[in-house]
Amino acid sequence: MHASPVITVEALQHAFGTGEARAQVLFDLDLTLRRGELVVMKGASGSGKTTLLTLLACLRRVQQGRVDVLGTSVETADEAQRVRLRRRMGFIFQAHNLHPALSAIQNVRLGLELHGGELTQPWQEAAAHALDMVGLRDRHGYLPKNLSGGQKQRVAVARALVGNPDLVFADEPTAALDAEAGGRVLDLFEALALERGTTLLVVTHDQRVIDRASRVVTLADGRIVDDRTRTPQS
Ligand SMILES: Nc1ncnc2c1ncn2[C@@H]1O[C@H](COP(=O)(O)OP(=O)(O)OP(=O)(O)O)[C@@H](O)[C@H]1O
Ligand SMILES: [Mg+2]
């Protein structure tokens, strides 16, 4: 028996540019992601991973094909519906996009404001807990400029997870992390998938992440060339 699908992609195509400069980067993609899956997406540079991620995350318009996310048809959704969908998602991108004038804990709080909804805890408590979970208990008041690259990356992880999203999209979230910090982030990802049924789609070449994924999808030249469900080796 399968868990219910949270993302369904059918015959998705995507191209950049027009006329002679038009370059198609995604070809006829079909993909179904289910509740509680920790999915790694890998593939050569330029194979279309980030493009696909941003389409699924409603950060880019669908040109052709069907994308259904959390029961909403993204290609026909209006801006209000897209905003509502994004509130149920967490994003961790290559550039961490931390606000330079805000401390670590205030940056994490932004993740709660984006998610809106009812807070079961006061925001300080939720944001502090999220920072503690990524190993930054002693860095709550630090500005991004006073944090290392790996610490900034972990603030971005805390910000993405603090609102208990149904879906998490991450682009190389462990690239700047050492074994311990990377392991913590992976523990968090696994716990979310297992305990909350969160679906995580993680673009990475990090073998540590691949080893703990429940499924590995490989893109090559804008097509899915391999898709295997596997037993994590943790
Ligand atoms: N805004 C854009 N305009 C034109 N071409 C683009 C744009 N964004 C991406 N591309 C092209 O689309 C292709 C896929 O890019 P994408 O960023 O999805 O690759 P990727 O698999 O994420 O690569 P990487 O591993 O290097 O991050 C590349 O050839 C890229 O040059
Ligand atoms: Mg990319």
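This text follows the structure it describes.
Worth saying up front: this structure is predicted, and the values here are computed from it rather than measured. (Residues numbered from 1 in each chain as written. Chains lettered and ligands numbered in written order. Predicted model: local features only at pLDDT ≥ 70, side-chain atom pairs only at ≥ 80, totals over all residues. Heavy atoms only, no water.)

(A) Spotlight on the overall build of the protein. Secondary structure assignment for the protein yields 7 helices and 10 strands. Expected size for 234 residues packed as a compact globule is a radius of gyration near 17 Å; at 17 Å, the protein falls within 12% of this value. Taking all 234 residues of the protein together, 50% fall into the buried category. A total of about 11,300 Å² of accessible surface is found on the protein, and carbon and sulfur atoms cover 48% of it. If you average the places of the 28 positive and of the 27 negative side-chain charges in the protein, the two averages end up 3 Å apart. (Helix = DSSP H or I, 4+ residues; strand = E, 2+ residues; numbered from the N terminus. Rg over C-alpha atoms; globule rule 2.2 N^0.38 Å. Buried < 20%, exposed > 50% of the residue type's maximum accessible area, 1.4 Å probe, protein only. Areas by Shrake-Rupley, 256 points an atom, 1.4 Å probe, with all protein chains shown as cover. Lys, Arg positive; Asp, Glu negative; His and termini not counted. Charge placed at Lys NZ, Arg CZ, Asp CG, Glu CD.)

(B) Focus on the site of ligand 1. Taken together, the residues surrounding ligand 1 are Phe16, Val25, Ala44, Ser45, Gly46, Ser47, Gly48, Lys49, Thr50 and Thr51. Interatomic distance of 2.7 Å between a side-chain N/O atom of lysine 49 and an oxygen atom of ligand 1. Measuring from an oxygen atom of ligand 1, one finds a side-chain N or O atom of threonine 51 at 2.5 Å. In isolation ligand 1 has 640 Å² of accessible area, and contact with the protein removes 55% of it. Per-element tally for the shell around ligand 1: the top contributor is helix α1 (residues 49-56), with 3 residues. (Near = heavy atom within 4 Å. Polar contact = N/O pair within 3.5 Å; in protein donor to acceptor, adjacent residues only side chain to side chain.)

(C) Layout of helix α2 (residues 79-86). By the burial criterion, the buried members of α2 are Arg82, Leu85 and Arg86. Looking down the long axis of α2, one finds its buried residues gathered within 95° of arc, a one-sided arrangement. For α2, the elements touching its buried residues are β4 (64-69), β5 (72-73) and β6 (89-92). (Arc of directions from axis to C-beta. Contact = heavy atoms within 4.5 Å.)

(D) Region of the structure containing the pairing of strand β3 (residues 38-43). For β3, the buried fraction is high: 5 of the 6 residues fall into the buried class. Pairing geometry for β3 and strand β8 (residues 199-203), over 4 bridges, is parallel. Looking at the pairing, leucine 38 lines up with leucine 200 of β8. As paired elements, β3 and strand β9 (residues 215-220) share 5 bridges and run parallel to each other. Across the sheet, the residue bridging to lysine 42 is threonine 218, located in β9. (Pairing = 2+ DSSP bridges.)

(E) The environment of serine 47, seen in detail. Following the sequence through the fold, serine 47 ends up in the loop between β3 and α1. Along the backbone, serine 47 and threonine 204 are 157 residues apart, and their C-alpha atoms lie at a distance of 13 Å. With near-sequence residues (within four places) excluded, serine 47 lies in contact with Val25, Leu219, Ala220, Asp221 and Gly222. Among the polar contacts made by the side chain of serine 47, one reaches the main-chain carbonyl oxygen of alanine 44 at a distance of 2.7 Å.

(F) Inspection of the nonpolar core at higher detail. Judged by nonpolar contacts, the single largest core of 39 residues is most densely connected at Val108, Leu131, Val155 and Phe189. Among the elements of the structure, β3, α3 (104-115), α4 (123-133), α5 (149-161), β7 (167-171), α6 (179-196), β8 and α7 (207-212) are those that each provide at least two residues to this core. With 7 residues, the top contributor of residues to this core is α6. Sequence-distant contacts of phenylalanine 189, defined by excluding residues within four places in its chain, comprise Leu38, Ile92, Val157, Leu161, Pro173, Leu200 and Val202. The next biggest cluster of nonpolar side chains, apart from the first, holds 31 residues, and it includes Val9, Leu29, Leu52 and Leu70. (Core = buried A, V, L, I, M, F, W, Y, C linked by side-chain atoms within 4.5 Å.)

(G) Representation of the packing of α5 against α6 within the structure. Where α5 contacts α6, the two axes come as close as 11 Å, and the packing angle between them is 10°. Put simply, α5 runs roughly parallel to α6. Where α5 abuts α6, its residues Arg154, Val157 and Leu161 lie against Ala181, Val185, Leu188, Phe189 and Leu192. (Axes fitted to C-alpha atoms, helices over the stretch in contact; angles between N-to-C directions. Parallel < 35°, antiparallel > 145°, perpendicular 65-115°, else oblique.)

(H) Structural view of the packing of aromatic side chains. Enumeration over the complete set of coordinates arrives at 2 aromatic pairs. Centroid distance phenylalanine 91 to phenylalanine 93: 5.9 Å. Interplanar angle 20°. Geometry classified as stacked. For the ring pair phenylalanine 91 and phenylalanine 169, a centre distance of 6.4 Å and an interplane angle of 20° mean the geometry is stacked. On the criterion of sequence distance, the pair formed by phenylalanine 91 in strand β6 and phenylalanine 169 in strand β7 is long-range, its members being 78 residues apart. (Phe/Tyr/Trp six-rings, centres within 6.5 Å; stacked < 30°, edge-to-face > 60°.)

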